[in-house]
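Listed below are the residues making up each chain.
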Amino acid sequence: MMKDELIKHMKDCSTEDTFCFKFLCSSCGTWYYSKPIPFSRAGSRVSDENKKVIYDALYRRGWINARNAVLDDAINHFSICPICHGLICDRCFLLCNEIEMCKNCAERLHESGKPVISETAVSLIF
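Worth saying up front: this structure is predicted, and the values here are computed from it rather than measured. (Residues numbered from 1 in each chain as written. Predicted model: local features only at pLDDT ≥ 70, side-chain atom pairs only at ≥ 80, totals over all residues. Heavy atoms only, no water.)

Tallied over the entire structure, the rule returns three salt bridges. Salt-bridge contacts for Lys3 lead to Asp72; the nearest nitrogen and oxygen are separated by 2.6 Å. Taken together, the residues Lys3 in helix H1 (residues 2–9) and Asp72 in helix H2 (residues 49–74) connect sequence positions 69 residues apart. (Salt bridge = Lys/Arg side-chain N within 4 Å of Asp/Glu carboxyl O. Helix = DSSP H or I, 4+ residues; strand = E, 2+ residues; numbered from the N terminus.)

Before going further, it helps to spend a moment on the confidence of the model for the protein chain. Overall, the predicted model of the protein chain reaches an average pLDDT of 90, with 93% of residues at or above 70. Ranking the elements of the protein chain by mean pLDDT puts H1 last, at 89, and strand E2 (residues 18–19) first, at 97. This stretch, residues 120–126, has a pLDDT under 50; its non-local contacts, to residues over four places away or in other chains, come to 17 contacts. (pLDDT = per-residue confidence, 0-100. Contact = heavy atoms within 4.5 Å.)

Okay, H2 next. Over its 26 residues, H2 runs 37 Å from end to end, which matches the ideal 38 Å to within 8%, given 1.5 Å per residue. Among all positions in H2, only Tyr55, Leu58, Gly62, Trp63, Ala66, Arg67, Val70, Leu71 and Ala74 are buried. On its buried side, H2 packs onto H1, strand E1 (10–12), E2, strand E3 (21–24), strand E5 (37–38) and strand E6 (78–80). With a side-chain oxygen lying 3.0 Å from the backbone nitrogen of Asn50, the N-terminal cap of H2 falls on Asp48. (Expected span 1.5 Å × (residues − 1). Buried < 20%, exposed > 50% of the residue type's maximum accessible area, 1.4 Å probe, protein only. Polar contact = N/O pair within 3.5 Å; in protein donor to acceptor, adjacent residues only side chain to side chain.)

Printed below as a string of structure tokens:
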């Protein structure tokens, strides 16, 4: 289920040579980019139509594999807020006494909690 939610919030930033994806934290508005994953056939453009069909199939397979690897990693860095249902990064997702939620919902509901990771621990997440 979490992968399905991540897919809904994921944007594709891939090029012909590199696979890359990004996620937007619904709470702080920060875009988190995956590490670029090079396409194994980058730079080997083809003009023959038959070879292009093969090239396109290899690209699609590489894209799917890269997307799945990024999703597997993103699961460790994002949560879905049970209150607003937004995609929330670990620095905005709070561990509260009764239920975990994003800092925006916690503020609105007058709840307190600690973030999954501190501000100082945040860099590019993955």
